[in-house]
Amino acid sequence: MLRIGELASYVGVTTRTVRFYHQQGLLDEPRRDTSGYRLYDGEAVLRLSRVVALASAGVPLARVHELLDASQETLDRALVEIHADLNSRIERLEKDRDRLGLLRAGDALVLPEVIVGLIEHLREAGIDSGLVDHYRDAWVLTYAVYRSRLDPWLETVGGGMLGDPGYLALMVRSFRAAELEPDDPQLQEIADDTVEWMIDTWAGDAREWSFERGLDDPAANELLAEQWADRPAWVRVTELIMQGLQERGIEHAPP
């Protein structure tokens, strides 16, 4: 026979919890010894263990009482449901934990890895933080609207850009040229080098590049372009790149 403290310790709860379950009618009051101490037998240990297991799984106390007195068949069905509910809760908690972890990663909370990598590259290259934030905000907006179209493109094309030194170098040059006047000759150089990079990168199938293999939505590209409208140098570089591609017989620029 066990006293209340021994019972509580064995099951892993406090004596206060045991008394609470007595009050809720989930655990019968045991007999007392001559000194007035409660004495619990093996059946009490088993019942309290069941109560604690069900309550810890989030089962309401009213239902705990119902299940304790239910048939084994009813209890088995309920346990299957409780198990499934616990799995769902675990999945939700794991997702919440992952999102909390992303808070440490800043931009990774709302942007895919490829874009975050490009942003970090610009920061490491010493590009003005205001320009980099502008670039990030444009991607946040575009990705939020066109995620279903962007994800396949980023998976097949975007990763290659992040690992391509030529592309990264052109990107840094373009951002450093953001404050130039639209007629600055450096813009033509950047545009020419970008066109050559595109031709070399996509080689034989460059002429087949279109929005069908890109974002598959001109509106997405227009949305991005709108974000750069307040940077005349970038607008001019885009125009020069399009002109250069058309001169090479390519109708559409890859996004």
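Our structure's up above, just so we're on the same page.
Please read these numbers as outputs of a predicted model, since none were measured by experiment.

K.L.:
Looking at this model, I keep getting lost on the overall build of the protein chain. Mind explaining?
P.N.:
Broken down by element type, the protein chain carries 11 helices and zero strands. Secondary structure elements in the protein chain, listed N-terminal to C-terminal, are α-α-α-α-α-α-α-α-α-α-α. For the protein chain, with 255 residues in total, the buried portion stands at 38%. Pairs at least 24 residues apart make up 62% of the contacts formed inside the protein chain by residues separated by at least 6 positions. As presented, the protein chain carries roughly 15,200 Å² of accessible surface, and 50% of it is formed by carbon and sulfur atoms.

K.L.:
Mind showing me how you'd approach the pattern of salt bridges here?
P.N.:
Oppositely charged side chains are able to pair whenever their charged atoms sit close together. Applying the stated criterion across every chain yields a total of 13 salt bridges. Here D137 ties to R136 by a salt bridge, and the two come within 3.0 Å at their closest N and O atoms. Given the relative accessible area of 41%, D137 is considered partly exposed. R173 is the salt-bridge partner of D193, the closest N and O atoms lying 2.7 Å from each other. Here D193 is found in helix α9 (residues 185-202), whereas its partner R173 is found in helix α8 (residues 165-176), with 20 residues between them in sequence. Each of R123, D133, R136 and D137 takes part in one network of salt bridges that share partners.

K.L.:
Explain helix α2 (residues 15-23) here, please?
P.N.:
Because the α-helix completes a turn every 3.6 residues, residues three or four places apart line up on one side. Among all positions in α2, only V18, Y21 and H22 are buried. Within α2, the buried residues cover an arc of 105° as seen down the axis, which keeps them to one side. Turned more than 90 degrees off the buried face of α2, the exposed positions are R16 and Q23. Close packing links the buried residues of α2 with α1 (4-11), α3 (42-56) and α4 (61-68). Phi turns positive, to about 75°, at G25, one or two residues after α2.

K.L.:
I would appreciate a short explanation of the packing of α1 against α3 in the present structure.
P.N.:
Packed helices, taken two at a time, are described by their axes: the angle between them and the distance between them. The geometry of α1 relative to α3 is characterised by a closest axis approach of 10 Å and an angle of 50° between their N-to-C directions. In this view, α1 runs oblique relative to α3, as classed from their interaxial angle. In this structure, the crossing between α1 and α3 has a hand that is right-handed. In this structure, α1 contributes L7, Y10 and V11 to the contact, and α3 contributes V45, L48, S49 and V52. Split by residue class, the contact of α1 with α3 holds six nonpolar, one polar and no charged.

K.L.:
Please explain the nonpolar core as it appears in this structure.
P.N.:
Residues L122, Y135 and F175 are the most contacted members of the largest nonpolar core, which totals 40 residues. If you list the elements that add at least two residues to this core, you get α6 (113-124), α7 (129-162), α8, α9 and α11 (232-247). A total of 10 residues in this core trace back to one element, the largest contributor, which is α7. By size, the runner-up hydrophobic cluster in this structure holds 24 residues, among which are I4, L27, L48 and V59.

K.L.:
Just checking my understanding: could you explain the side chain of T194 for this structure?
P.N.:
For T194, the location among the structural elements is in helix α9. Look at T194 and you get buried, because its relative accessible area is 10%. Here I190 takes part through its backbone oxygen, which lies 2.7 Å from a polar atom of the side chain of T194. Setting aside residues no more than four positions away along its own chain, T194 makes contact with L170 and I241.

K.L.:
I keep staring at the side chain of D164 and nothing clicks. Help me out?
P.N.:
Inspection of the secondary structure assignment puts D164 in the loop between α7 and α8. One buried charged residue, D164, remains without a salt bridge, the closest side chain of opposite sign being R173 at 12 Å. Separated by 3.1 Å, the side chains of D164 and W197 make a polar contact. When near neighbours in sequence (up to four residues on either side) are disregarded, D164 contacts W197 and T201.

K.L.:
Help me out: how do you make sense of the packing of aromatic side chains in this one?
P.N.:
Each aromatic ring pair is characterised by the separation of its centres together with the angle its planes make. The tally for this structure, following the rule as stated, stands at four aromatic pairs. On the numbers, 5.8 Å between centres and 55° between planes, the contact of F20 with Y21 is tilted. F20 gets classed as partly exposed once you look at its relative accessible area, which sits at 34%. With a centroid separation of 5.2 Å and 40° between ring planes, the pair formed by Y167 and W197 is classed as tilted. Pair noted here: Y167 is in helix α8 and W197 is in helix α9, with a separation of 30 residues, a long-range link. Per residue, the accessibility class of Y167 equals that of W197, and both read buried. By the ring-pair criterion, three or more aromatic residues cluster together here, those being Y135, F175 and W234.

Scoring rules and cut-offs
The numbers attached to residues start from 1 for each chain and follow its sequence in the written order. This being a predicted model, a pLDDT of at least 70 is required before a residue's local features are given, and a value of 80 or more before pairs of side-chain atoms are given or counted; all residues contribute to the totals for chains, interfaces and linings. To obtain the side-chain values, all non-hydrogen atoms of the structure were used and water was disregarded. Elements are defined by DSSP. Helices are runs of H or I of four residues or more, strands are runs of E of two residues or more, and each kind is numbered from the N terminus. A simple rule labels every residue: compare its accessible area, found with a 1.4 Å probe on the protein chains alone, to the largest value its type can have, and call it buried under 20%, exposed over 50%, or partly exposed in between. Contacts were defined at the residue level, with two residues in contact if any of their heavy atoms lie within 4.5 Å. Accessible areas in this description were obtained via Shrake-Rupley with a 1.4 Å probe; residue shielding takes into account the shown protein chains only. Salt bridges, as used here, are contacts in which a Lys or Arg side-chain nitrogen is within 4 Å of a carboxyl oxygen on Asp or Glu. By construction, the arc corresponds to the directions joining the helix axis to the C-beta atoms. All axes here are fitted lines through C-alpha atoms, helices being fitted over the stretch that makes contact, and every angle between N-to-C directions spans 0 to 180 degrees. Each angle gets one of four labels, with under 35 degrees taken as roughly parallel, over 145 as roughly antiparallel, 65 to 115 as roughly perpendicular, and the rest as oblique. Should the near helix be turned counterclockwise from the far one by less than a right angle, the crossing is left-handed, whereas a clockwise turn marks it as right-handed. Under this grouping Gly is polar, as are all residues other than the nonpolar Ala, Val, Leu, Ile, Met, Phe, Trp, Tyr, Cys and Pro and the charged Asp, Glu, Lys and Arg. Definition of nonpolar core: a set of buried residues of the types Ala, Val, Leu, Ile, Met, Phe, Trp, Tyr and Cys, connected through side-chain atoms within 4.5 Å. Pairs of N or O atoms are called polar contacts if they sit within 3.5 Å, as long as, within protein, a hydrogen donor faces a hydrogen acceptor (for residues adjacent in sequence, only side-chain-to-side-chain pairs). When charges are counted, neither His nor the chain ends are considered; positive counts come from Lys and Arg and negative counts from Asp and Glu. Aromatic pairs are defined between Phe, Tyr and Trp rings, using the six-membered ring for Trp, whenever the two ring centres lie within 6.5 Å; interplanar angles under 30 degrees are classed as stacked, those over 60 as edge-to-face, and all others as tilted.

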